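Each chain, letter by letter, is given below.
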Amino acid sequence: MTSQSSDGVVRRSIGDTVATQATSSPNVDDNAASTAPAVGAKTELKEAYTQGKRNFEIVSLSSFLLLKAVVLCYLGYHWRMANPIWVLTYMLGGILAADFLSGVVHWLCDSYGSVNMPVFGKAFIRSFREHHVDPTAITRHDVIECNADSCMTMVPVLGFMCYNFALYDDDIIQPRYHLFVLLSWLAFFVAFTNQFHKWSHTYGEVPKWVEVLQDYHVILPKKHHKVHHVAPHATYFCITTGWLNHPLEYIGFWTAIEAGIQLTTGYRAREDDLSWASKPK
Ligand SMILES: [Zn+2]
Ligand SMILES: [Zn+2]
């Protein structure tokens, strides 16, 4: 449920928690900031970004760009003029799948695991914890740090497509072409999810065309993403376009899964995230 009062403040019910949020910027965690100074946590999380992780990111981003270029060449080679409606349909499917995946990965890394987990903790969970205690840190990340992890997740998908294109003739590729169009759009939007996310936190320094895309909700708008940045960060996890946030919130998707996990495993969502939010300077 969402309601807006006369002072321009949106009050949003998340389960039994009422989160209050200003309508402007996602860079201030209104609830958490007042009670949880996080300078110490900011520094600790920033320093956990290692050179090894940086090297891995460079390999991931380079692999993605190379494979994506190869896939585009193959898609062009196998292109047959057909009803443009199906192209748009599969493109839309790819974008929706990317938005949903962004929500699943974001929810998973926000809600479970910890920075102290072997390998995975510092390599991936760290950036999610950092983003909640220091939402503007992402605006200082360069193109590699911002996009490499997302690109890495799509390397197997692009590799699978390259494998098919290289191995099979056109008569076998054609029945699969629709799927490859969908996967290609999925890979593109997943890869640039964190760029869209970064732009939703960036004020005054984004190109005009980006602002237009945000205003028309083609990519994640600032005000829309602000809903996630209200403690306890329990909803609006989709950060590619954000199109699925309203419907998933409406059906209580995340709340239901978290309740099921707690019932079957005993794990409570976001315990580690909350521990970072409460750390002193
Ligand atoms: Zn988050
Ligand atoms: Zn954010």
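Scroll up for the structure.
Residues numbered from 1 in each chain as written. Chains lettered and ligands numbered in written order. Predicted model: local features only at pLDDT ≥ 70, side-chain atom pairs only at ≥ 80, totals over all residues. Heavy atoms only, no water.

Engineer: Outline the overall build of the protein, listing residues and values.
Structural biologist: In terms of regular secondary structure, the protein is built from 14 helices and three strands. Looking at the protein as a whole, 46% of its 281 residues qualify as buried. Long-range pairs, those at least 24 residues apart, make up 68% of the contacts in the protein between residues at least 6 apart in sequence. Entry remark: accessible area of the protein is about 14,200 Å², with carbon and sulfur atoms responsible for 66%. (Helix = DSSP H or I, 4+ residues; strand = E, 2+ residues; numbered from the N terminus. Buried < 20%, exposed > 50% of the residue type's maximum accessible area, 1.4 Å probe, protein only. Contact = heavy atoms within 4.5 Å. Areas by Shrake-Rupley, 256 points an atom, 1.4 Å probe, with all protein chains shown as cover.)

Engineer: Let's hear about the coordination of the zinc ion (ligand 2): which residues, and what values?
Structural biologist: Six octahedrally arranged donors around a metal ideally form angles of 90 or 180 degrees; four tetrahedrally arranged donors ideally form angles of 109.5 degrees. For the zinc ion (ligand 2), the protein coordination sphere consists of His131 (NE2), His197 (NE2), His201 (NE2), His225 (NE2) and His229 (NE2), at 2.0 to 2.2 Å. Taken in chain order, the donor set of the zinc ion (ligand 2) reads H-x65-H-x3-H-x23-H-x3-H. Of the two residues, histidine 225 and histidine 229, both sit in the buried class. (Donors = N, O, S within 2.8 Å, 3.2 Å for Na, K, Ca; no water.)

Engineer: Which residues make up the packing of helix α6 (residues 143-167) against helix α8 (residues 177-191), and what values go with them?
Structural biologist: Put simply, α6 and α8 touch, their axes get as near as 8 Å, and they point 165° apart. In terms of axis orientation, α6 runs roughly antiparallel to α8. Considering how the two elements wind past one another, α6 and α8 form a crossing that is left-handed. Side by side, α6 and α8 meet where Asn147, Ser150, Cys151, Thr153, Met154, Val157, Leu158, Phe160, Met161, Asn164 and Phe165 of the first sit next to Phe180, Leu183, Ser184, Leu186, Ala187, Val190 and Ala191 of the second. Classifying every residue of the contact of α6 with α8 gives 13 nonpolar, five polar and no charged. (Axes fitted to C-alpha atoms, helices over the stretch in contact; angles between N-to-C directions. Parallel < 35°, antiparallel > 145°, perpendicular 65-115°, else oblique. Left-handed = near helix turned anticlockwise from the far one by under 90°. Nonpolar A, V, L, I, M, F, W, Y, C, P; charged D, E, K, R; others polar.)

Engineer: An account of the packing of helix α4 (residues 84-111) against helix α13 (residues 253-265) is requested, with residue identities and associated values reported.
Structural biologist: Contact geometry for α4 and α13: axes closest at 12 Å, N-to-C directions at 45°. Of the possible angle classes, the one that applies to α4 and α13 is oblique. Crossing of α4 over α13 shows right-handed handedness. Contacts between α4 and α13 involve Phe100, Gly103, Val104, Trp107 and Ser111 from the former and Phe253, Trp254, Ile257, Glu258 and Ile261 from the latter. For the contact of α4 with α13, the class distribution of residues is seven nonpolar, two polar and one charged.

Engineer: Describe the packing of aromatic side chains, naming the residues involved and giving the relevant values.
Structural biologist: Following the criterion strictly, the structure yields 19 aromatic pairs and no others. Ring centres 5.9 Å apart and planes at 65° place the aromatic pair phenylalanine 100 and phenylalanine 253 in the edge-to-face group. One end of the pair, phenylalanine 100, is in helix α4; the other, phenylalanine 253, is in helix α13, with 153 residues separating them in the sequence. Of the residues examined, phenylalanine 100 reaches a relative accessible area of 32% and is grouped as partly exposed. A connected cluster of aromatic rings, assembled from ring pairs, spans Trp185, Phe188, Phe189, Phe192, Phe196, Trp199 and Trp209. Above the plane of the ring of tyrosine 168 lies arginine 176, whose end atom (NZ or CZ) is 4.8 Å from the centre. (Phe/Tyr/Trp six-rings, centres within 6.5 Å; stacked < 30°, edge-to-face > 60°. Lys NZ or Arg CZ within 6 Å of the ring centre and 35° of its normal.)

Engineer: Which residues make up the coordination of the zinc ion (ligand 1), and what are the values?
Structural biologist: For the zinc ion (ligand 1), the full set of protein donor atoms is His106 (NE2), Asp110 (OD), His132 (NE2) and His228 (NE2), at a range of 2.1 Å. For the zinc ion (ligand 1), the four donor atoms in the first shell make angles of 88 to 170° at the metal, so the coordination geometry reads as irregular. (Tetrahedral: all angles 85-135°; square planar, octahedral: opposite > 155°, others 65-115°.)

Engineer: Any details on a nonpolar patch on the surface? Residues and values, ideally.
Structural biologist: Judged by side-chain polarity, Val212, Tyr216 and Val218 come together as a nonpolar surface patch covering roughly 300 Å² of accessible area. Of note, valine 212 is situated in helix α10 (residues 208-215). (Patch = residues over 30% accessible without salt bridge, like charges linked within 9 Å, V, L, I, M, F, W, Y side chains within 5 Å. Salt bridge = Lys/Arg side-chain N within 4 Å of Asp/Glu carboxyl O.)

Engineer: Can you tell me about the pattern of salt bridges, naming the residues and giving the values?
Structural biologist: All told, the structure shown has 11 salt bridges when counted by the stated rule. We note a salt bridge from arginine 126 to glutamate 130, for which the minimum N-O separation is 3.6 Å. Here arginine 126 pairs with glutamate 130, and both are found in helix α5 (residues 120-133), just four residues apart, close to one helical turn. An identical accessibility class is assigned to arginine 126 and glutamate 130; each is buried.

It is worth stressing that arrangement in space is one thing and function is another; only the former is reported here.
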